[in-house]
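As a plain string of letters, each chain reads:
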Amino acid sequence: MFQANCVIGIIAPEISLKSKKVRKQMELIVKKNVVLALEKQKIFPTMVYVSTGRLFIFTSEIEKTIPVLKQVFGLYSLIPARVENVFDFESICKTGLNLSLNKISGEFAVRCKSFVKEKKSKEFEIELGARLLDNISNLKVNLSNPKTQLNLLVFKDKTFFYFDSFAGAKGMPVSSQGNVVLISKNIVDSKKLANSLLKFGCKVFYVGEKFVDESFCLKNISIEKAMEFYENNSIEAVFSDTKTLAQKKIIDKELGLKTFAPLIF
């Protein structure tokens, strides 16, 4: 019977286009943000690490973990998976079959990504597909649009099995693009703008009435602190949620600097 014991987070594909140094930095930021987000909800994974463009989070609290990770920018998709310490061809195929007995039905497919030299991904797919057909009734192979699908990630010392995935928040990891200040005059508009800035990878400090659902990457500060950040070059830009040029001019005059107001239209 399949029961997930970890979550695999697929890191946003655009990060893979960066140089090796920048990619590693962004992956570490994603990892840090995930740990902070989970700890805020009193979830403490036994292990978290990055490998092959994926974030592996080992936890027994899968149902609590997935909703939290859906709010973490930089993760493209989330996969409840089961990791088993099997690494030889026969053990992997046997385990894959056992885990699939109550998960695979109708038109199906098997997808594998093998990171070992001894066996190619296709060999696992062919063998496991054949075993599923032999042991589960009323199955039909459909590689283009399967109803159910067994997926494997085969490593040297372990194998991950999974069947389903959920969409992540996507975007860039928060803090990967620096800090910004948001002058908040309207909570509803500010939340929308803050969410966009977070998705672009900015850590947001905002001035104004405190948001009820403030997160670890969204901090309320005073106008004095915001100006201190600006004078110390600790922020990349100052934004406001104003929707008119007249309001923007007032804010710019009060602050003595030019703000960005992307909600003006």
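What you are looking at is a predicted structure, and each value in this text was computed from that prediction instead of being measured. (Residues numbered from 1 in each chain as written. Predicted model: local features only at pLDDT ≥ 70, side-chain atom pairs only at ≥ 80, totals over all residues. Heavy atoms only, no water.)

Draft legend 1. Geometry of the nonpolar core. Core analysis: the biggest nonpolar cluster contains 43 residues, and Val34, Leu69, Leu75, Ile104, Leu132, Leu150 and Leu152 have the highest contact counts within it. Counting residues in each nonpolar core, the second largest holds 17 residues, with Ala169, Leu198, Val204 and Leu218 among its members. (Core = buried A, V, L, I, M, F, W, Y, C linked by side-chain atoms within 4.5 Å. Buried < 20%, exposed > 50% of the residue type's maximum accessible area, 1.4 Å probe, protein only.)

Draft legend 2. A look at the packing of aromatic side chains. Counted according to the given criterion, the structure contains twelve aromatic pairs. Aromatic side chains Phe2 and Phe163 sit 5.1 Å apart centroid to centroid with 85° between the ring planes, which places their arrangement in the edge-to-face category. Placement of Phe2 in the segment before β1 (6–11) and of Phe163 in the loop between β8 (159–162) and β9 (166–167) is noted, with a sequence separation of 161 residues between them. In this structure Phe163 comes out as buried when scored by relative accessible area, which is 10%. (Phe/Tyr/Trp six-rings, centres within 6.5 Å; stacked < 30°, edge-to-face > 60°. Helix = DSSP H or I, 4+ residues; strand = E, 2+ residues; numbered from the N terminus.)

Draft legend 3. Local environment of a nonpolar patch on the surface. A cluster of nonpolar side chains, Leu133, Val141 and Leu143, forms an exposed patch at the surface whose accessible area comes to about 250 Å². Tracing the backbone through its elements, the reader meets Val141 in strand β6 (residues 140–141). Classification of Val141 as partly exposed rests on a relative accessible area of 45%. (Patch = residues over 30% accessible without salt bridge, like charges linked within 9 Å, V, L, I, M, F, W, Y side chains within 5 Å. Areas by Shrake-Rupley, 256 points an atom, 1.4 Å probe, with all protein chains shown as cover. Salt bridge = Lys/Arg side-chain N within 4 Å of Asp/Glu carboxyl O.)

Draft legend 4. Inspection of the packing of helix α3 (residues 89–100) against helix α4 (residues 121–135) at higher detail. Direction vectors running N to C along α3 and α4 enclose 45°, while the axes themselves pass 10 Å from each other. Relative to α4, α3 is oriented oblique. Read as a crossing pair, α3 and α4 show a hand that is right-handed. Residue-level contacts link Phe89, Glu90, Ile92, Cys93, Lys94, Gly96, Leu97 and Ser100 of α3 to Glu123, Phe124, Glu127, Leu128, Arg131, Leu132 and Asn135 of α4. (Axes fitted to C-alpha atoms, helices over the stretch in contact; angles between N-to-C directions. Parallel < 35°, antiparallel > 145°, perpendicular 65-115°, else oblique. Left-handed = near helix turned anticlockwise from the far one by under 90°. Contact = heavy atoms within 4.5 Å.)

Draft legend 5. Geometry of unusual backbone geometry. Look at Lys42: it is not a glycine, yet its phi comes out positive at around 65°. Tracing the backbone through its elements, the reader meets Lys42 in the loop between α1 (20–40) and β2 (47–51). Relative accessible area serves as the criterion here: at 63%, Lys42 is assigned to the exposed category. Within the chain, Ser175 stands out as a residue other than glycine whose phi angle is a positive 90°. Within the secondary structure, Ser175 sits in the loop between β9 and β10 (179–183). By relative accessible area, which is 33% here, Ser175 ends up partly exposed.

Draft legend 6. Layout of empty space enclosed by the protein. Counted under the stated rule, the structure contains one cavity of 30 Å³ or more. Of the pockets and cavities examined, the largest cavity occupies roughly 40 Å³. Along the walls of the largest cavity sit Val181, Ile183, Ile223, Ala226, Met227, Ile235, Val238, Leu255 and Leu257, which together make up its complete lining. Contributions of two or more residues to the lining of the largest cavity are made by β10 and α6 (223–231). Considering each element in turn, the lining of the largest cavity owes the most residues, three residues, to α6. In terms of residue class, the lining of the largest cavity is made up of nine nonpolar, no polar and no charged. (1 Å grid on protein atoms, 1.4 Å probe; cavity = no way out; pocket = protein on both sides within 12 Å on 5 of 7 lines; lining within 4 Å. Points joined across faces, edges and corners; volume = space filled by probe spheres on them. Nonpolar A, V, L, I, M, F, W, Y, C, P; charged D, E, K, R; others polar.)

Draft legend 7. Local environment of the pattern of salt bridges. Summed over the entire model, instances satisfying the criterion amount to eleven salt bridges. Taking the shortest distance from any N to any O, the salt bridge between Glu90 and Arg131 comes out at 2.7 Å. You can see Glu90 sitting in helix α3 and its partner Arg131 sitting in helix α4, a full 41 residues away along the chain. Between Lys103 and Asp164 there is a salt bridge; the shortest N-O distance is 3.6 Å. One end of the pair, Lys103, is in the loop between α3 and β5 (107–114); the other, Asp164, is in the loop between β8 and β9, and 61 residues separate them in sequence. For Lys103, a relative accessible area of 29% gives the class partly exposed.

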